[in-house]
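Chain and residue survey
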Amino acid sequence: MGKKRVRRKRSGIQRHLSVFMLSFSLVLLVGMAVMIGSWAVIKSRQAKQQNKEDPIVIDFVWDGKQADVEQEPSQEGIQNTQQTSEQETEPTQQTQDIHNPDGTGQIDAQDEQLYREAVERGETVRLVNCADESSVTFAFAGDILLDDKYAMMYSYKARGSDANDTFAGGLLERMRSADVFMINNEFPFSERGTPTEGKQFTFRAAPANIELYDKMGVDIVSLANNHAYDHGEEALLDTFAVLENADIPYVGAGRNLDEAKKPVYFIANGMKIAVVSATQIERNSTPDTKEATSTNAGVLRCMDPTTLLSVIAEAKQNSDFVILYIHWGTESHEEIDRYQEKQAPLYAQAGVDLIIGDHPHCLQKLDVVSGVPVVYSLGNFWFNSKTQDTCLVEVRIDQGGIASFQFIPCRQENKRTTQLDGADKASVISYMRRLSPNVKIDDEGYVTFG
(Lines give C-alpha, C1' and ligand atoms only; values in the text may rest on other atoms or scores of the structure.)
Protein backbone atom coordinates (compact mmCIF):
# COMPACT_ATOMS: atom_id res chain seq x y z
CA MET A 1 0.00 0.00 0.00
CA GLY A 2 2.81 2.36 0.93
CA LYS A 3 4.61 1.65 -2.28
CA LYS A 4 1.45 2.42 -4.28
CA ARG A 5 1.06 5.82 -2.65
CA VAL A 6 4.66 6.62 -3.44
CA ARG A 7 4.18 5.62 -7.04
CA ARG A 8 0.99 7.71 -7.34
CA LYS A 9 2.75 10.70 -5.83
CA ARG A 10 5.63 10.35 -8.27
CA SER A 11 3.17 9.89 -11.10
CA GLY A 12 1.43 13.19 -10.15
CA ILE A 13 4.74 15.03 -10.07
CA GLN A 14 5.63 13.65 -13.47
CA ARG A 15 2.31 14.84 -14.89
CA HIS A 16 2.85 18.38 -13.50
CA LEU A 17 6.40 18.40 -14.83
CA SER A 18 5.18 17.36 -18.28
CA VAL A 19 2.60 20.17 -18.32
CA PHE A 20 5.23 22.68 -17.20
CA MET A 21 7.71 21.58 -19.87
CA LEU A 22 5.02 21.75 -22.55
CA SER A 23 4.00 25.28 -21.48
CA PHE A 24 7.63 26.44 -21.31
CA SER A 25 8.25 25.06 -24.80
CA LEU A 26 5.24 26.93 -26.15
CA VAL A 27 6.46 30.18 -24.58
CA LEU A 28 9.89 29.68 -26.14
CA LEU A 29 8.38 28.97 -29.55
CA VAL A 30 6.15 32.06 -29.40
CA GLY A 31 9.08 34.23 -28.24
CA MET A 32 11.29 32.97 -31.04
CA ALA A 33 8.55 33.66 -33.57
CA VAL A 34 8.17 37.24 -32.33
CA MET A 35 11.94 37.79 -32.44
CA ILE A 36 12.20 36.39 -35.95
CA GLY A 37 9.29 38.57 -37.07
CA SER A 38 10.83 41.70 -35.54
CA TRP A 39 14.20 40.92 -37.09
CA ALA A 40 12.55 40.56 -40.49
CA VAL A 41 10.78 43.92 -40.14
CA ILE A 42 14.02 45.65 -39.11
CA LYS A 43 15.96 44.13 -42.01
CA SER A 44 13.20 45.15 -44.36
CA ARG A 45 13.36 48.74 -43.17
CA GLN A 46 17.13 48.75 -43.41
CA ALA A 47 16.94 47.46 -46.95
CA LYS A 48 14.51 50.24 -47.84
CA GLN A 49 16.81 52.83 -46.32
CA GLN A 50 19.77 51.44 -48.25
CA ASN A 51 17.81 51.69 -51.47
CA LYS A 52 17.32 55.43 -50.92
CA GLU A 53 19.91 57.94 -52.08
CA ASP A 54 22.26 59.15 -49.35
CA PRO A 55 21.73 62.81 -48.40
CA ILE A 56 24.28 65.03 -50.07
CA VAL A 57 26.70 67.37 -48.39
CA ILE A 58 27.20 70.36 -50.62
CA ASP A 59 30.64 71.91 -50.53
CA PHE A 60 30.56 75.18 -52.42
CA VAL A 61 33.03 77.91 -53.22
CA TRP A 62 31.18 81.19 -53.51
CA ASP A 63 32.68 82.76 -56.62
CA GLY A 64 29.69 82.96 -58.93
CA LYS A 65 30.31 79.46 -60.30
CA GLN A 66 28.25 76.31 -59.93
CA ALA A 67 28.60 74.59 -56.58
CA ASP A 68 30.60 71.40 -56.17
CA VAL A 69 28.61 68.48 -54.78
CA GLU A 70 30.12 65.78 -52.58
CA GLN A 71 28.33 62.52 -51.90
CA GLU A 72 28.91 62.28 -48.17
CA PRO A 73 26.62 61.02 -45.44
CA SER A 74 24.87 63.75 -43.49
CA GLN A 75 24.75 63.87 -39.70
CA GLU A 76 21.63 62.18 -38.34
CA GLY A 77 19.78 62.29 -35.10
CA ILE A 78 19.74 66.05 -34.72
CA GLN A 79 17.06 66.90 -32.20
CA ASN A 80 14.51 69.51 -33.17
CA THR A 81 14.39 71.92 -30.26
CA GLN A 82 12.00 74.37 -31.84
CA GLN A 83 8.46 74.87 -30.65
CA THR A 84 5.93 74.77 -33.46
CA SER A 85 2.95 75.84 -31.42
CA GLU A 86 0.93 79.01 -31.78
CA GLN A 87 3.73 80.76 -29.89
CA GLU A 88 5.56 81.13 -33.20
CA THR A 89 3.25 83.92 -34.29
CA GLU A 90 3.27 85.71 -30.95
CA PRO A 91 6.06 88.23 -30.34
CA THR A 92 8.08 87.43 -27.24
CA GLN A 93 9.51 90.11 -25.00
CA GLN A 94 13.29 90.25 -25.16
CA THR A 95 13.41 92.81 -22.35
CA GLN A 96 11.78 91.10 -19.38
CA ASP A 97 14.89 90.49 -17.29
CA ILE A 98 18.24 92.12 -16.79
CA HIS A 99 20.73 90.34 -19.03
CA ASN A 100 23.99 89.81 -17.21
CA PRO A 101 25.72 87.13 -19.31
CA ASP A 102 28.69 86.57 -17.04
CA GLY A 103 26.56 86.23 -13.95
CA THR A 104 29.29 88.06 -12.03
CA GLY A 105 29.87 91.53 -10.72
CA GLN A 106 27.43 94.27 -9.76
CA ILE A 107 25.21 96.18 -12.16
CA ASP A 108 25.80 99.92 -11.93
CA ALA A 109 22.80 101.88 -10.65
CA GLN A 110 22.96 104.25 -13.62
CA ASP A 111 22.97 101.32 -16.04
CA GLU A 112 20.03 99.73 -14.29
CA GLN A 113 18.09 102.99 -14.51
CA LEU A 114 18.84 103.27 -18.24
CA TYR A 115 17.70 99.68 -18.62
CA ARG A 116 14.41 100.25 -16.79
CA GLU A 117 13.65 103.31 -18.90
CA ALA A 118 14.33 101.36 -22.10
CA VAL A 119 12.03 98.55 -20.98
CA GLU A 120 9.27 101.03 -20.23
CA ARG A 121 9.57 102.34 -23.80
CA GLY A 122 9.26 98.80 -25.18
CA GLU A 123 12.82 98.68 -26.49
CA THR A 124 14.86 95.52 -26.94
CA VAL A 125 17.70 96.02 -24.49
CA ARG A 126 20.53 94.13 -22.81
CA LEU A 127 22.69 95.04 -19.85
CA VAL A 128 26.34 94.14 -20.34
CA ASN A 129 28.72 93.30 -17.52
CA CYS A 130 32.01 94.49 -19.09
CA ALA A 131 35.55 93.41 -18.36
CA ASP A 132 36.60 97.06 -18.26
CA GLU A 133 34.84 99.61 -16.05
CA SER A 134 35.10 102.51 -18.49
CA SER A 135 34.52 100.98 -21.93
CA VAL A 136 32.69 98.23 -23.82
CA THR A 137 34.31 96.05 -26.51
CA PHE A 138 32.33 94.94 -29.55
CA ALA A 139 33.67 92.22 -31.85
CA PHE A 140 32.25 91.79 -35.37
CA ALA A 141 32.55 88.84 -37.75
CA GLY A 142 30.98 88.18 -41.13
CA ASP A 143 28.94 85.38 -42.67
CA ILE A 144 28.20 82.19 -40.72
CA LEU A 145 26.50 79.04 -42.07
CA LEU A 146 25.28 76.20 -39.82
CA ASP A 147 23.45 74.09 -42.44
CA ASP A 148 24.37 70.38 -42.05
CA LYS A 149 24.15 69.80 -45.82
CA TYR A 150 27.09 72.11 -46.40
CA ALA A 151 30.74 71.46 -45.77
CA MET A 152 31.39 73.62 -42.69
CA MET A 153 28.85 72.17 -40.29
CA TYR A 154 29.33 68.65 -41.61
CA SER A 155 33.07 68.84 -40.98
CA TYR A 156 32.59 70.42 -37.57
CA LYS A 157 30.46 67.48 -36.43
CA ALA A 158 32.71 64.92 -38.10
CA ARG A 159 35.63 66.33 -36.08
CA GLY A 160 33.75 65.89 -32.81
CA SER A 161 32.05 69.30 -32.57
CA ASP A 162 35.18 70.91 -31.16
CA ALA A 163 34.84 74.71 -31.29
CA ASN A 164 38.46 75.22 -30.20
CA ASP A 165 39.61 73.25 -33.24
CA THR A 166 37.17 75.10 -35.53
CA PHE A 167 38.10 78.63 -34.42
CA ALA A 168 41.81 78.24 -33.87
CA GLY A 169 44.94 80.22 -33.09
CA GLY A 170 43.38 81.88 -30.05
CA LEU A 171 40.41 83.10 -32.10
CA LEU A 172 37.70 81.39 -30.03
CA GLU A 173 38.99 82.92 -26.82
CA ARG A 174 38.99 86.33 -28.48
CA MET A 175 35.42 85.91 -29.71
CA ARG A 176 34.22 84.83 -26.28
CA SER A 177 36.09 87.54 -24.38
CA ALA A 178 34.42 90.41 -26.26
CA ASP A 179 31.73 92.14 -24.25
CA VAL A 180 29.42 91.89 -27.28
CA PHE A 181 30.12 89.57 -30.23
CA MET A 182 28.02 89.99 -33.40
CA ILE A 183 27.79 87.88 -36.56
CA ASN A 184 25.66 87.60 -39.71
CA ASN A 185 23.19 84.69 -39.39
CA GLU A 186 23.05 83.81 -43.12
CA PHE A 187 20.30 81.13 -42.92
CA PRO A 188 17.08 80.26 -41.07
CA PHE A 189 16.93 77.91 -38.06
CA SER A 190 14.10 75.52 -38.89
CA GLU A 191 12.99 72.10 -40.07
CA ARG A 192 9.97 73.51 -41.87
CA GLY A 193 9.32 75.44 -45.05
CA THR A 194 9.94 75.01 -48.76
CA PRO A 195 13.13 76.06 -50.57
CA THR A 196 12.75 79.20 -52.66
CA GLU A 197 12.03 78.05 -56.20
CA GLY A 198 14.78 78.80 -58.71
CA LYS A 199 17.32 79.96 -56.12
CA GLN A 200 20.76 78.37 -56.56
CA PHE A 201 21.64 78.14 -52.87
CA THR A 202 18.99 77.75 -50.19
CA PHE A 203 20.11 77.29 -46.60
CA ARG A 204 18.41 75.93 -43.49
CA ALA A 205 19.99 74.83 -40.21
CA ALA A 206 18.61 72.42 -37.64
CA PRO A 207 17.44 74.31 -34.55
CA ALA A 208 19.73 72.16 -32.39
CA ASN A 209 22.73 73.72 -34.12
CA ILE A 210 22.16 76.89 -32.09
CA GLU A 211 24.38 75.24 -29.46
CA LEU A 212 27.43 76.31 -31.48
CA TYR A 213 26.56 79.97 -30.88
CA ASP A 214 26.87 79.38 -27.16
CA LYS A 215 30.35 77.91 -27.68
CA MET A 216 31.29 80.84 -29.90
CA GLY A 217 30.06 83.44 -27.43
CA VAL A 218 27.59 85.04 -29.87
CA ASP A 219 25.62 87.88 -28.25
CA ILE A 220 23.63 89.28 -31.19
CA VAL A 221 22.98 88.35 -34.84
CA SER A 222 21.84 90.15 -37.94
CA LEU A 223 19.07 88.51 -39.96
CA ALA A 224 19.10 91.25 -42.61
CA ASN A 225 20.48 89.19 -45.47
CA ASN A 226 19.39 87.40 -48.64
CA HIS A 227 19.15 83.91 -47.09
CA ALA A 228 17.07 84.40 -43.93
CA TYR A 229 13.93 83.75 -46.03
CA ASP A 230 15.30 80.79 -48.03
CA HIS A 231 12.56 78.45 -46.76
CA GLY A 232 9.78 81.00 -46.54
CA GLU A 233 7.94 82.71 -43.71
CA GLU A 234 7.48 79.54 -41.64
CA ALA A 235 11.21 78.97 -41.35
CA LEU A 236 11.86 82.64 -40.58
CA LEU A 237 9.30 82.53 -37.77
CA ASP A 238 11.03 79.44 -36.39
CA THR A 239 14.33 81.34 -36.51
CA PHE A 240 12.94 84.06 -34.27
CA ALA A 241 11.74 81.45 -31.78
CA VAL A 242 15.04 79.54 -31.75
CA LEU A 243 17.09 82.69 -31.17
CA GLU A 244 14.71 83.94 -28.50
CA ASN A 245 14.81 80.61 -26.68
CA ALA A 246 18.62 80.88 -26.71
CA ASP A 247 18.37 84.48 -25.41
CA ILE A 248 20.18 85.86 -28.46
CA PRO A 249 18.70 89.14 -29.75
CA TYR A 250 18.50 89.78 -33.49
CA VAL A 251 18.20 92.82 -35.74
CA GLY A 252 17.13 93.41 -39.32
CA ALA A 253 14.08 91.11 -39.43
CA GLY A 254 10.86 90.59 -37.53
CA ARG A 255 7.35 89.16 -37.43
CA ASN A 256 6.20 92.47 -38.91
CA LEU A 257 7.77 95.73 -40.06
CA ASP A 258 7.73 97.32 -36.61
CA GLU A 259 9.75 94.40 -35.22
CA ALA A 260 12.14 94.40 -38.18
CA LYS A 261 12.90 98.07 -37.61
CA LYS A 262 13.65 97.77 -33.90
CA PRO A 263 17.19 98.46 -32.77
CA VAL A 264 18.82 96.36 -30.08
CA TYR A 265 20.32 98.45 -27.29
CA PHE A 266 23.27 97.49 -25.09
CA ILE A 267 23.80 99.34 -21.82
CA ALA A 268 27.23 99.31 -20.21
CA ASN A 269 29.31 101.65 -18.07
CA GLY A 270 26.84 104.50 -18.32
CA MET A 271 26.52 104.21 -22.10
CA LYS A 272 23.61 103.12 -24.26
CA ILE A 273 24.72 101.69 -27.62
CA ALA A 274 22.26 100.95 -30.45
CA VAL A 275 22.67 98.27 -33.15
CA VAL A 276 20.53 98.46 -36.30
CA SER A 277 20.62 96.34 -39.46
CA ALA A 278 19.19 96.18 -42.97
CA THR A 279 19.85 94.62 -46.39
CA GLN A 280 19.90 96.10 -49.89
CA ILE A 281 20.67 92.78 -51.63
CA GLU A 282 18.39 91.29 -54.31
CA ARG A 283 18.15 94.68 -55.93
CA ASN A 284 14.90 94.26 -57.83
CA SER A 285 11.20 94.90 -57.37
CA THR A 286 10.34 91.28 -56.50
CA PRO A 287 13.13 89.94 -54.26
CA ASP A 288 13.12 86.32 -53.07
CA THR A 289 13.81 87.55 -49.55
CA LYS A 290 10.55 89.20 -48.57
CA GLU A 291 10.43 92.56 -46.88
CA ALA A 292 8.57 92.71 -43.59
CA THR A 293 5.15 94.38 -43.77
CA SER A 294 2.57 95.45 -41.21
CA THR A 295 1.16 91.91 -41.23
CA ASN A 296 3.91 89.59 -42.51
CA ALA A 297 7.34 88.52 -41.34
CA GLY A 298 10.39 89.49 -43.34
CA VAL A 299 13.61 91.50 -43.36
CA LEU A 300 14.28 95.23 -43.26
CA ARG A 301 15.27 96.33 -46.76
CA CYS A 302 17.24 99.46 -47.63
CA MET A 303 17.60 99.61 -51.40
CA ASP A 304 15.42 102.64 -50.81
CA PRO A 305 17.14 104.01 -47.70
CA THR A 306 14.16 106.01 -46.42
CA THR A 307 13.00 103.51 -43.77
CA LEU A 308 16.51 102.74 -42.54
CA LEU A 309 17.24 106.46 -42.21
CA SER A 310 14.21 106.82 -39.93
CA VAL A 311 15.41 103.83 -37.89
CA ILE A 312 18.84 105.44 -37.51
CA ALA A 313 17.27 108.74 -36.44
CA GLU A 314 15.24 106.99 -33.74
CA ALA A 315 18.26 105.03 -32.51
CA LYS A 316 20.36 108.21 -32.41
CA GLN A 317 17.75 109.98 -30.33
CA ASN A 318 17.63 107.12 -27.81
CA SER A 319 21.32 106.22 -27.49
CA ASP A 320 24.87 107.52 -27.20
CA PHE A 321 26.37 105.53 -30.08
CA VAL A 322 24.81 103.90 -33.16
CA ILE A 323 26.22 100.87 -35.03
CA LEU A 324 24.85 99.96 -38.48
CA TYR A 325 25.45 96.36 -39.59
CA ILE A 326 24.47 96.35 -43.27
CA HIS A 327 24.19 93.68 -45.99
CA TRP A 328 25.42 95.29 -49.21
CA GLY A 329 28.03 95.17 -51.97
CA THR A 330 28.75 92.82 -54.86
CA GLU A 331 29.77 89.20 -54.29
CA SER A 332 33.45 88.34 -54.80
CA HIS A 333 34.43 91.93 -55.64
CA GLU A 334 37.09 93.60 -53.50
CA GLU A 335 36.04 96.99 -54.91
CA ILE A 336 32.97 98.62 -53.42
CA ASP A 337 30.03 99.21 -55.76
CA ARG A 338 28.12 102.40 -56.52
CA TYR A 339 25.30 101.58 -54.10
CA GLN A 340 27.72 101.27 -51.20
CA GLU A 341 29.46 104.46 -52.28
CA LYS A 342 26.14 106.29 -52.54
CA GLN A 343 24.57 105.09 -49.28
CA ALA A 344 27.50 105.22 -46.84
CA PRO A 345 27.45 109.05 -46.63
CA LEU A 346 23.67 109.05 -46.13
CA TYR A 347 23.91 106.82 -43.09
CA ALA A 348 26.95 108.62 -41.68
CA GLN A 349 25.20 111.97 -41.94
CA ALA A 350 22.00 110.52 -40.42
CA GLY A 351 23.83 109.82 -37.17
CA VAL A 352 25.52 106.43 -37.44
CA ASP A 353 28.83 106.26 -35.54
CA LEU A 354 30.16 103.01 -37.08
CA ILE A 355 29.25 101.11 -40.26
CA ILE A 356 29.98 97.38 -40.51
CA GLY A 357 29.27 95.73 -43.86
CA ASP A 358 28.96 92.17 -45.12
CA HIS A 359 27.68 90.12 -48.10
CA PRO A 360 30.50 90.28 -50.70
CA HIS A 361 32.08 87.09 -49.20
CA CYS A 362 35.49 88.76 -49.37
CA LEU A 363 37.33 91.57 -47.63
CA GLN A 364 36.78 95.12 -48.81
CA LYS A 365 38.41 98.37 -47.77
CA LEU A 366 38.34 100.21 -44.47
CA ASP A 367 37.50 103.87 -44.88
CA VAL A 368 36.20 106.98 -43.14
CA VAL A 369 33.09 108.67 -44.55
CA SER A 370 31.90 111.99 -43.12
CA GLY A 371 33.98 111.26 -40.06
CA VAL A 372 32.49 107.78 -39.58
CA PRO A 373 34.63 104.58 -39.75
CA VAL A 374 33.35 102.12 -42.37
CA VAL A 375 34.19 98.43 -42.77
CA TYR A 376 32.74 97.82 -46.22
CA SER A 377 32.93 94.03 -45.96
CA LEU A 378 34.09 91.66 -43.22
CA GLY A 379 34.17 88.73 -45.67
CA ASN A 380 33.18 85.16 -44.93
CA PHE A 381 33.96 84.23 -41.36
CA TRP A 382 32.96 80.53 -41.31
CA PHE A 383 30.83 79.96 -44.36
CA ASN A 384 32.23 77.70 -47.08
CA SER A 385 35.20 75.51 -47.99
CA LYS A 386 37.02 78.19 -49.96
CA THR A 387 40.42 79.19 -48.57
CA GLN A 388 40.29 82.94 -48.13
CA ASP A 389 41.36 85.73 -45.82
CA THR A 390 38.86 87.17 -43.39
CA CYS A 391 38.90 89.06 -40.11
CA LEU A 392 37.54 89.78 -36.70
CA VAL A 393 37.07 93.48 -35.98
CA GLU A 394 37.32 94.66 -32.37
CA VAL A 395 36.02 98.11 -31.47
CA ARG A 396 36.37 99.52 -27.96
CA ILE A 397 33.88 102.27 -27.17
CA ASP A 398 34.02 104.67 -24.25
CA GLN A 399 32.25 107.91 -23.31
CA GLY A 400 34.23 109.77 -25.96
CA GLY A 401 33.32 107.40 -28.82
CA ILE A 402 35.68 104.90 -30.44
CA ALA A 403 38.71 104.45 -28.18
CA SER A 404 40.39 101.78 -30.34
CA PHE A 405 39.70 99.88 -33.55
CA GLN A 406 41.61 96.70 -34.40
CA PHE A 407 41.48 94.66 -37.59
CA ILE A 408 42.46 91.09 -36.64
CA PRO A 409 43.57 89.03 -39.68
CA CYS A 410 42.12 85.52 -39.92
CA ARG A 411 41.90 82.82 -42.56
CA GLN A 412 39.06 80.47 -43.49
CA GLU A 413 40.75 77.23 -44.57
CA ASN A 414 40.01 73.51 -44.35
CA LYS A 415 36.59 74.24 -42.81
CA ARG A 416 38.22 76.15 -39.95
CA THR A 417 38.83 79.82 -39.26
CA THR A 418 42.17 80.69 -37.66
CA GLN A 419 43.62 83.88 -36.25
CA LEU A 420 46.81 84.56 -38.16
CA ASP A 421 50.26 85.52 -36.93
CA GLY A 422 53.73 85.99 -38.37
CA ALA A 423 54.11 86.34 -42.13
CA ASP A 424 50.48 85.41 -42.85
CA LYS A 425 49.22 88.15 -40.55
CA ALA A 426 51.60 90.68 -42.08
CA SER A 427 50.47 89.71 -45.58
CA VAL A 428 46.79 90.33 -44.84
CA ILE A 429 47.53 93.65 -43.16
CA SER A 430 49.60 94.67 -46.18
CA TYR A 431 46.68 93.74 -48.46
CA MET A 432 44.27 95.82 -46.38
CA ARG A 433 46.65 98.79 -46.48
CA ARG A 434 46.62 98.61 -50.27
CA LEU A 435 42.79 98.49 -50.30
CA SER A 436 42.43 101.27 -47.71
CA PRO A 437 44.51 104.34 -48.65
CA ASN A 438 42.49 106.72 -46.45
CA VAL A 439 43.31 105.02 -43.14
CA LYS A 440 46.45 103.95 -41.31
CA ILE A 441 46.85 100.34 -40.18
CA ASP A 442 49.77 99.48 -37.90
CA ASP A 443 51.51 96.11 -37.71
CA GLU A 444 49.08 94.86 -35.04
CA GLY A 445 46.04 95.84 -37.07
CA TYR A 446 45.12 98.95 -35.06
CA VAL A 447 43.46 101.43 -37.37
CA THR A 448 43.61 105.22 -37.32
CA PHE A 449 40.80 106.92 -39.24
CA GLY A 450 41.06 110.40 -40.68
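Scope of this entry: the structure provided in the associated data block. (Residues numbered from 1 in each chain as written. Predicted model: local features only at pLDDT ≥ 70, side-chain atom pairs only at ≥ 80, totals over all residues. Heavy atoms only, no water.)

**A short note on the pairing of strand 15 (residues 366-369)**
Here strand 15 pairs with strand 16 (residues 372-375) via four bridges, running antiparallel. By the bridge assignment for strand 16, Asp 367 is matched with Val 374. Hairpin remark: strand 15 followed by strand 16, antiparallel, with two residues in the connecting loop; positive phi at Ser 370, about 50°. (Pairing = 2+ DSSP bridges. Helix = DSSP H or I, 4+ residues; strand = E, 2+ residues; numbered from the N terminus.)

**With respect to the sheet that holds strand 16**
Taking strand neighbours across the sheet as the criterion, the seven strands line up as 3-10-11-13-14-16-15 in an open arrangement whose pairing is mixed. For this open sheet the edge positions go to strand 3 (124-127) and strand 15, each flanked by a neighbour on one side alone. Each strand of the sheet is rotated relative to its neighbour by a mean of 20°, with strand direction disregarded. Relative to strand 3, helix 2 (residues 109-120) is tilted by about 165°, and along the sheet it contacts strand 3, strand 10 (264-268) and strand 11 (271-279). Helix 9 (residues 306-317) rests against strand 10, strand 11 and strand 13 (321-327) of the sheet, and its axis sits at about 175° to strand 11. (Axes fitted to C-alpha atoms, helices over the stretch in contact; angles between N-to-C directions. Contact = heavy atoms within 4.5 Å.)

**With respect to the side chain of Asn 384**
Inspection of the secondary structure assignment puts Asn 384 in the loop between strand 17 (380-382) and strand 18 (388-398). What makes Asn 384 buried here is its relative accessible area of 2%. In this structure the side chain of Asn 384 is engaged in a polar contact, spanning 2.8 Å, whose partner is the side chain of Gln 412. (Buried < 20%, exposed > 50% of the residue type's maximum accessible area, 1.4 Å probe, protein only. Polar contact = N/O pair within 3.5 Å; in protein donor to acceptor, adjacent residues only side chain to side chain.)

**Looking at helix 11 (residues 422-435)**
Look at helix 11: 20 Å from first C-alpha to last across 14 residues, which is about the 20 Å you get at 1.5 Å a residue. Buried within helix 11 we find Lys 425, Val 428, Ile 429, Met 432 and Leu 435. Down the axis of helix 11, the buried side of the element spans an arc of 115°, and every buried residue falls inside it. Seen from the buried face of helix 11, the exposed residues on the opposite side, beyond 90 degrees, are Gly 422, Ala 423 and Arg 434. Where helix 11 is buried, its residues meet strand 15, strand 18, strand 19 (401-413) and strand 21 (439-441). (Expected span 1.5 Å × (residues − 1). Arc of directions from axis to C-beta.)

**Quick word on the pattern of salt bridges**
Under the criterion given, the structure shown has 24 salt bridges. One salt bridge in this structure joins Asp 353 and Lys 316, with 3.1 Å as the shortest N-O distance. Placement of the pair is Asp 353 in the loop between helix 10 (338-350) and strand 14 (354-358) and Lys 316 in helix 9, with a sequence separation of 37 residues. Linking Asp 367 and Lys 365 is a salt bridge whose minimum nitrogen-to-oxygen distance equals 3.2 Å. You can call Asp 367 buried: its relative accessible area is 7%. (Salt bridge = Lys/Arg side-chain N within 4 Å of Asp/Glu carboxyl O.)

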